[in-house]
Amino acid sequence: MTFSTGITGIQNMAPELPVQASEDLLSTPMFNLIHSFGVDLHHAESYVGKTTRMSRFERLSTEGGQLDGSGIDPASEVPVRTDIDATMEIYAKSIVTNEQVVLWENSKTLTKFTALLGQWLREKEDLLMRDLFSSSVSYINSTGGLNGDQPSNISLNDVNNIENILLGNDARSMLTSLEATLKFATGGVRDAFIALANTNLCADLQKVQGVLLKSAYPTQEGIRPEEYCSISRFRFFVSSKAAKTPGISLRGNTVYTIPMFGLEAAAKIEQNNYTAVIGYRPPWVVSSVAQNSQLYAKFAIARAITNQNWISGLNVTTFQPS
Amino acid sequence: MAFTIVTQGTFTQPATAVNQIIPLPSGADYFVTTNLTQMATTQGTGRVVRGEWFGGGLTAVNDGLRWKKTNSTSAINIDNFSTATASNGFTYVTTQPQPEAAVTGTAITNANPAVVTMTNTYSEGDVVQLYGTTGMLQISGMAFTISSVSGSGFTLTGLDASGFANAATAVVARRISKLMPVEPRFLYVTGISKATQGVVTVSEKHQYVVGQKVEFTIPGSFGMVQLNNYYLPQNIPPVITAVTDYTFTINVNTTNFTTFAFPTSASSPTAQLFATVASAGQSTQFNPITGVQTGYNFQYVPFHSGNFIPYMYLPAGAQSPGGSASDIIVWQAYKMETGTINAPVPS
């Protein structure tokens, strides 16, 4: 519609700039990072090889030991040490940016891309820890669900079975003290083990008998957004990237693995003076005509299951096939 | 934009050619193989002498350009790997491989070892995950290394199914990666002998080594529950004392333990599955007289990545980029000198 009024408006005088940037960037999607905060963190020194050894002295035998008054000493016992080794590996990612991007298209790219690389670093680290759990831990099929698949959907009996395994193996729960509560940034519900599940399981978790959803926790202070619920002695944390294997259940549905563990079950080892390095290479270094600059992130990580006795888990399917 | 060679290498196929994996730390935008051996020959059936792969999605999975000598001459004919039967091309792998497409079979014998009837294109030593094993549900979901592979079936060397009540009348298989994302992996246990030193059989060719400590998970449905989370006196996990491809011996006297046996197929949907074993560290022994340290293997024992990713997968075969028996293959991986974010780049 046009008006012959002699008024200058946007109909006959369009804005000079067709678009403008809003004051803030939109959020970059990031999945929940759940696979590292329940594990022990160790540090490797430089110049002493890429294998980190974590050692544990096994407890002494409690059999015998009574003195009979004869003055003969009881046999001494040689302590046994178990060594858990892990190989340090390095991962890296870079972004090379042409100067024309900064000149004509986008400002503050260094800041933005540094944030992107930082996010990549944490996401990659999370997936590497996930792979450790999915590859090197024994899991038991759920059988108490009613979906008729093998494994079945998750049930209280299945969760209790894993709790029995961990308690029977003297595993320590995560949240037995105020210090632990603060350490993992989780609110106080009760002392608990940790369970890591795929977000596709949320609907099934809601239906497990006795489930306490996060909204029903006695306190909401300090609860991580990744936490979903509490069942028996386990607090469930969920991520869209948690482990699953498509198409291998009895009926050809996706099987999800849920690692469930207590203290000191697994470890992440960082390399001193190397972990979480984010760097910048200026244009005169990257490009012969000084047009491309480079941002990079790299980190070193080793990972290990440090006590198979204190970690177990479930293979499950979903009630509605997925 | 110029390309630069980032890596180059060569390999010689053994007497029985095997599929090759070429780690590519920097990735690749262009990959080429040259079969030096077949360059110098003229075969009755023409051979592939050169293969080319293009990044950026230009080459489909298991494909690429093949330069093939025509039959009985050295004249070159160029086409795609995918255009020929019995021909496999390049596969550029950037993430841990997921289970492949399902292949349906008709039977698994209740014999020792169990034999699967299935029309397939699998290779010796592949690992498959089996499910839908009607009549033999107690193994549904387990992974197996396959052997004696033919187009009509394969053998599960790691499974003695002679104690099973029935043969399976259906089975579905998905091929999975031979290597897990992290090694050493957990393994499925298919048998444990009753002996002064128990012998454990697993469903896959394993890489466990002498001296390695292991932790068992044996549900009650498998009988030998005494070995479930078993610790020797002093809280020591069982230690491996000998190994074969599918078995290892542990320093645990299992003579008086309950017999290990799979649950029945009928009970399997509700029976707890599976019996498994996982790595629990090691203890080295040092002989001060000989100065020899035993019980440790740096190649296998430390937790480490199973696959180096990304990598290029080169299938073996006279019509494939990996070449056939005794062929010498040169490979080169090219990468753009610099990728920039404001220009389309093949990556």
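Parameters at a glance
- Residues numbered from 1 in each chain as written.
- Chains lettered and ligands numbered in written order.
- Predicted model: local features only at pLDDT ≥ 70, side-chain atom pairs only at ≥ 80, totals over all residues.
- Helix = DSSP H or I, 4+ residues; strand = E, 2+ residues; numbered from the N terminus.
- Buried ≥ 20, exposed ≤ 12 C-beta atoms within 10 Å, placed from the backbone.
- Contact = placed C-beta atoms within 7 Å.
- Pairing = 2+ DSSP bridges.
- Axes fitted to C-alpha atoms, helices over the stretch in contact; angles between N-to-C directions.
- Domains from an automatic or database assignment.
- Nonpolar A, V, L, I, M, F, W, Y, C, P; charged D, E, K, R; others polar.
- Core = buried A, V, L, I, M, F, W, Y, C linked by C-beta atoms within 7 Å.

Undergrad: Would you mind going over the overall build of chain B with me for this structure?
TA: In terms of regular secondary structure, chain B is built from 1 helix and 27 strands. Evaluated residue by residue, chain B yields a buried proportion of 43% over its 347 residues. Of all intrachain contacts in chain B linking residues separated by at least 6 positions in sequence, the fraction that spans at least 24 positions is 71%.

Undergrad: How do you make sense of the sheet that holds strand β12 (residues 143-145) of chain B when you look at a structure like this?
TA: Note on sheets: strands pair through backbone hydrogen bonds, and any given pair is parallel or antiparallel. Residue and element names in this part refer to chain B. What the 4 strands build is an open sheet, ordered β8-β15-β11-β12; its pairing is antiparallel. Two strands lie at the open edges of the sheet, namely β8 (103-105) and β12, each paired on one side alone. Each strand of the sheet is rotated relative to its neighbour by a mean of 35°, with strand direction disregarded. Judged from the 3 bridges that link them, strand β11 (residues 127-131) and β12 form a sheet pairing that is antiparallel. Across the sheet, residue valine 128 finds its bridge partner in β12, namely phenylalanine 144.

Undergrad: Before we go on, may I ask you to explain the domain arrangement of chain B in this structure?
TA: Interface size is commonly expressed as the accessible surface area that is lost when the partners come together. Residue and element names in this part refer to chain B. According to the domain assignment, chain B consists of domain 1 (3-95 + 309-336), domain 2 (103-176) and domain 3 (183-305). Computed over C-alpha atoms only, the centres of domain 2 and domain 3 are separated by 23 Å. Taken together, the 18 residues of domain 2 in the interface contact 18 residues of domain 3. Among the elements that make up the side of domain 2 that touches domain 3, the one with the highest residue count is β12 (3 residues). Its residues assigned to classes, the side of domain 2 that touches domain 3 shows 9 nonpolar, 8 polar and 1 charged.

Undergrad: So what exactly am I meant to see when it comes to the pairing of strand β15 (residues 171-176) of chain B here?
TA: On a regular strand, each side chain points to the face opposite its neighbour's, so the side chains alternate between the two faces of the sheet. Residue and element names in this part refer to chain B. β15 sits mainly inside the fold: 5 of its 6 residues count as buried. Looking at chain direction, β8 and β15 are connected through 3 bridges and run antiparallel. Bridging across to β15, glycine 105 finds its partner in valine 171. Pairing geometry for β11 and β15, over 5 bridges, is antiparallel. If you follow valine 127 over to β15, its bridge partner there is isoleucine 176.

Undergrad: Would you mind showing me how to read the nonpolar core here?
TA: In a soluble, globular protein the nonpolar side chains are often hidden away together inside. Of all hydrophobic cores here, the largest spans 120 residues; its most connected members are Phe193, Ala195, Ala197, Phe236 and Ala266 of chain A together with Val277 of chain B. Looking at this core, the element that brings in the most residues is strand β14 (residues 292-305) of chain A, giving 7 residues. Lining this core are residues from two domains, each supplying at least three of them: domain 2 (103-176) and domain 3 (183-305) of chain B. Counting residues in each nonpolar core, the second largest holds 13 residues, with Leu24, Phe90, Tyr92 and Ala333 of chain B among its members.

Undergrad: Explain the interface of chain A and chain B here, please?
TA: Between chain A and chain B, the residue contacts involve 45 residues of the former and 52 residues of the latter. Elements represented by at least two residues in the side of chain A that touches chain B include exactly β3 (81-87), β4 (89-98), α1 (99-105), α2 (109-136), β5 (140-141) and β14 of chain A. Sorting elements by how many residues they give to the side of chain A that touches chain B places β3 of chain A first, with 7 residues. For the side of chain A that touches chain B, a count of residues per class yields 15 nonpolar, 22 polar and 8 charged.

Undergrad: What should I look at first to understand the sheet that holds strand β2 (residues 20-23) of chain B in this one?
TA: All names here are of chain B. Sheet architecture is open: 3 strands sit in the order β2-β26-β7, paired in antiparallel fashion. For this open sheet the edge positions go to β2 and β7 (91-93), each flanked by a neighbour on one side alone. Taken over all neighbouring pairs, the strand axes of this sheet differ in orientation by 25° on average, direction set aside. Summarising the sheet, β2 and strand β26 (residues 311-314) pair through 4 bridges and their orientation is antiparallel. Residue pairing for β26: isoleucine 21 is matched across the bridge by tyrosine 313.

Undergrad: Sorry, what's going on with the pairing of strand β9 (residues 234-239) of chain A here?
TA: All names here are of chain A. Burial analysis of β9 places 6 of its 6 residues in the buried class, which makes it a mostly covered element. Side-chain alternation along β9 places Phe234, Phe236 and Val238 on one buried face and Arg235, Phe237 and Ser239 on a second face that is also buried. As paired strands, strand β6 (residues 193-198) and β9 are joined by 6 bridges and run parallel to one another. Among the inter-strand pairings, alanine 197 is bridged to a residue of β9, identified as valine 238. Direction of pairing for strand β8 (residues 227-231) relative to β9: antiparallel, over a ladder of 4 bridges. Residue pairing in the sheet places cysteine 229 in a bridge with phenylalanine 236 of β9. In this antiparallel pair of consecutive strands, β8 and β9, the connection spans 2 residues, and serine 232 shows a positive phi of 50°.

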